[in-house]
Amino acid sequence: MAKNPKWTHSLSHWKRNYHQWMSESNAETVMKFSTFFDCRYLYGEASIMEELREFLHEELQGPLDRFLFLMAKNALQYEPPLTFFRGFRTFTQGTQQVFDLKKTMSPIVDLVRVYALKKPDFRH
(Lines give C-alpha, C1' and ligand atoms only; values in the text may rest on other atoms or scores of the structure.)
Protein backbone atom coordinates (compact mmCIF):
# COMPACT_ATOMS: atom_id res chain seq x y z
CA MET A 1 0.00 0.00 0.00
CA ALA A 2 2.88 2.39 0.68
CA LYS A 3 3.83 2.43 -3.01
CA ASN A 4 0.29 3.03 -4.20
CA PRO A 5 -0.17 6.74 -5.12
CA LYS A 6 -3.80 6.44 -4.04
CA TRP A 7 -2.58 6.22 -0.43
CA THR A 8 0.33 8.66 -0.54
CA HIS A 9 -0.85 11.88 1.12
CA SER A 10 0.19 14.64 3.47
CA LEU A 11 -0.26 14.41 7.22
CA SER A 12 -3.09 16.97 7.12
CA HIS A 13 -4.86 14.87 4.47
CA TRP A 14 -4.62 11.74 6.66
CA LYS A 15 -5.90 13.66 9.68
CA ARG A 16 -8.94 14.76 7.67
CA ASN A 17 -9.48 11.18 6.46
CA TYR A 18 -9.40 9.68 9.95
CA HIS A 19 -11.63 12.42 11.36
CA GLN A 20 -14.16 11.90 8.57
CA TRP A 21 -14.09 8.10 8.88
CA MET A 22 -14.81 8.32 12.60
CA SER A 23 -17.33 11.16 12.65
CA GLU A 24 -19.28 10.36 9.48
CA SER A 25 -18.97 6.60 9.58
CA ASN A 26 -21.18 4.25 7.66
CA ALA A 27 -20.96 0.51 7.07
CA GLU A 28 -19.10 0.85 3.76
CA THR A 29 -16.38 3.25 4.95
CA VAL A 30 -15.81 1.27 8.13
CA MET A 31 -15.33 -1.92 6.13
CA LYS A 32 -12.97 -0.28 3.64
CA PHE A 33 -10.82 1.70 6.04
CA SER A 34 -10.70 -0.11 9.38
CA THR A 35 -7.28 -1.58 8.54
CA PHE A 36 -5.82 1.93 8.39
CA PHE A 37 -5.99 2.01 12.19
CA ASP A 38 -3.21 -0.60 12.19
CA CYS A 39 -0.71 1.79 10.62
CA ARG A 40 2.81 1.98 11.97
CA TYR A 41 6.07 3.71 11.22
CA LEU A 42 8.43 1.86 8.88
CA TYR A 43 10.50 4.45 7.07
CA GLY A 44 10.96 8.21 6.71
CA GLU A 45 10.11 10.85 9.29
CA ALA A 46 9.11 9.07 12.51
CA SER A 47 7.72 12.34 13.88
CA ILE A 48 4.96 12.30 11.23
CA MET A 49 3.67 8.97 12.47
CA GLU A 50 3.96 10.12 16.08
CA GLU A 51 1.90 13.24 15.31
CA LEU A 52 -0.74 11.12 13.58
CA ARG A 53 -0.80 8.72 16.54
CA GLU A 54 -1.32 11.66 18.95
CA PHE A 55 -4.08 13.03 16.71
CA LEU A 56 -5.82 9.64 16.68
CA HIS A 57 -5.50 9.35 20.44
CA GLU A 58 -7.31 12.70 20.82
CA GLU A 59 -9.96 11.79 18.24
CA LEU A 60 -10.63 8.50 19.98
CA GLN A 61 -11.55 10.35 23.18
CA GLY A 62 -14.74 11.64 21.54
CA PRO A 63 -18.08 9.87 21.08
CA LEU A 64 -17.43 6.89 18.81
CA ASP A 65 -20.38 4.63 19.56
CA ARG A 66 -21.65 4.48 15.96
CA PHE A 67 -18.15 4.02 14.52
CA LEU A 68 -17.21 1.21 16.93
CA PHE A 69 -20.64 -0.42 16.53
CA LEU A 70 -20.16 -0.54 12.76
CA MET A 71 -16.63 -1.93 13.14
CA ALA A 72 -17.88 -4.68 15.48
CA LYS A 73 -20.82 -5.44 13.19
CA ASN A 74 -18.42 -5.73 10.26
CA ALA A 75 -16.25 -8.18 12.22
CA LEU A 76 -19.25 -10.39 12.94
CA GLN A 77 -20.35 -10.72 9.31
CA TYR A 78 -17.84 -13.51 8.59
CA GLU A 79 -18.95 -17.09 8.33
CA PRO A 80 -17.31 -19.36 10.93
CA PRO A 81 -14.50 -21.50 9.48
CA LEU A 82 -16.03 -24.71 10.83
CA THR A 83 -18.17 -27.23 8.99
CA PHE A 84 -21.31 -28.82 10.39
CA PHE A 85 -19.21 -31.64 11.90
CA ARG A 86 -16.68 -29.19 13.44
CA GLY A 87 -14.03 -29.71 10.80
CA PHE A 88 -12.24 -26.79 9.18
CA ARG A 89 -13.89 -25.34 6.09
CA THR A 90 -11.55 -25.68 3.12
CA PHE A 91 -11.75 -24.85 -0.54
CA THR A 92 -10.24 -26.37 -3.64
CA GLN A 93 -7.23 -24.68 -5.19
CA GLY A 94 -5.98 -26.64 -8.14
CA THR A 95 -5.87 -30.24 -6.97
CA GLN A 96 -5.52 -29.47 -3.23
CA GLN A 97 -7.87 -28.65 -0.42
CA VAL A 98 -6.59 -25.51 1.33
CA PHE A 99 -7.52 -23.57 4.46
CA ASP A 100 -7.92 -19.77 4.12
CA LEU A 101 -6.08 -18.46 7.19
CA LYS A 102 -6.65 -14.79 6.30
CA LYS A 103 -10.41 -15.24 6.02
CA THR A 104 -10.46 -17.24 9.26
CA MET A 105 -8.44 -14.70 11.25
CA SER A 106 -10.21 -11.57 9.91
CA PRO A 107 -13.03 -11.53 12.49
CA ILE A 108 -10.57 -12.00 15.34
CA VAL A 109 -8.30 -9.23 14.06
CA ASP A 110 -11.27 -6.92 13.49
CA LEU A 111 -12.66 -7.49 17.00
CA VAL A 112 -9.26 -6.94 18.60
CA ARG A 113 -9.00 -3.70 16.59
CA VAL A 114 -12.37 -2.53 18.00
CA TYR A 115 -11.23 -3.37 21.52
CA ALA A 116 -7.92 -1.56 21.02
CA LEU A 117 -9.67 1.57 19.78
CA LYS A 118 -12.21 1.46 22.64
CA LYS A 119 -9.71 0.93 25.47
CA PRO A 120 -7.13 3.75 25.76
CA ASP A 121 -4.73 1.66 27.87
CA PHE A 122 -4.73 -1.07 25.18
CA ARG A 123 -3.72 1.32 22.37
CA HIS A 124 -0.22 2.21 23.56
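Parameters and conventions
Residues numbered from 1 in each chain as written. Predicted model: local features only at pLDDT ≥ 70, side-chain atom pairs only at ≥ 80, totals over all residues. Heavy atoms only, no water. Helix = DSSP H or I, 4+ residues; strand = E, 2+ residues; numbered from the N terminus. Contact = heavy atoms within 4.5 Å. Core = buried A, V, L, I, M, F, W, Y, C linked by side-chain atoms within 4.5 Å. Buried < 20%, exposed > 50% of the residue type's maximum accessible area, 1.4 Å probe, protein only. Polar contact = N/O pair within 3.5 Å; in protein donor to acceptor, adjacent residues only side chain to side chain. Salt bridge = Lys/Arg side-chain N within 4 Å of Asp/Glu carboxyl O. Axes fitted to C-alpha atoms, helices over the stretch in contact; angles between N-to-C directions. Parallel < 35°, antiparallel > 145°, perpendicular 65-115°, else oblique. Left-handed = near helix turned anticlockwise from the far one by under 90°. Phe/Tyr/Trp six-rings, centres within 6.5 Å; stacked < 30°, edge-to-face > 60°.

## Side note on the environment of Ser25
- Relative to the helices and strands, Ser25 resides in the loop between α1 (11-23) and α2 (27-33).
- Distance in space between the C-alpha atoms of Ser25 and Pro63 is 12 Å, their sequence separation being 38 residues.
- Discounting residues that sit within four places of it in the chain, Ser25 has contacts with Gln20, Val30, Arg66, Phe67 and Leu70.

## Observations concerning the nonpolar core
- Of all hydrophobic cores here, the largest spans 21 residues; its most connected members are Tyr18, Met22, Leu52 and Phe67.
- Residue assignment for this core shows that the elements contributing at least two residues are α1, α2, α3 (46-59), α4 (65-75) and α5 (101-118).
- Ranked by residues supplied to this core, first place goes to α1 with 5 residues.
- With residues near it in sequence (within four places) discarded, Leu52 still touches Leu11, Trp14, Lys15, Tyr18 and Cys39.

## Quick word on the side chain of Asn74
- Within the secondary structure, Asn74 sits in helix α4.
- A polar side-chain atom of Asn74 sits 3.0 Å from a polar atom in the side chain of Gln77.

## Brief notes about the pattern of salt bridges
- In the structure shown here, the tally under the stated rule is 3 salt bridges.
- Two residues, Lys15 and Glu51, come together in a salt bridge whose shortest N-O distance is 2.7 Å. With a gap of 36 residues between them, Lys15 in helix α1 and Glu51 in helix α3 connect regions that are remote in the sequence.
- Close ionic contact of Arg113 with Asp38 constitutes a salt bridge, the shortest N to O distance being 2.5 Å. Note that Arg113 is positioned in helix α5 and Asp38 in the loop between α2 and α3, a separation of 75 residues in sequence.
- Under the relative-accessibility criterion, Asp38 is labelled partly exposed at 39%.

## Quick look at the packing of α4 against α5
- Two elements in contact, α4 and α5, have axes whose closest approach is 8 Å; the angle formed by their N-to-C orientations is 165°. The orientation of α4 with respect to α5, classified from their angle, is roughly antiparallel. Crossing of α4 over α5 shows left-handed handedness. Of α5, the residues touching α4 (which contributes Asp65, Phe67, Leu68, Met71, Ala72, Asn74 and Ala75) are Pro107, Asp110, Leu111, Arg113, Val114, Leu117 and Lys118.

## Remarks on the side chain of Ser34
- Turning to its location among the elements, Ser34 is positioned in the loop between α2 and α3.
- Taking relative accessible area as the criterion, Ser34 reaches 5% and is therefore assigned buried.
- Ignoring anything within four residues of it in the chain, the contact list for Ser34 reads Thr29, Met71 and Arg113.

## A closer look at the packing of aromatic side chains
- Scanning the entire structure with this criterion turns up 12 aromatic pairs.
- Judged by centre distance (5.1 Å) and plane angle (65°), the ring pair of Tyr18 and Trp21 falls under edge-to-face. With Tyr18 and Trp21 both in helix α1 and 3 residues apart, the pair spans about one turn of that helix.
- Given a relative accessible area of 9%, Trp21 falls into the buried group.

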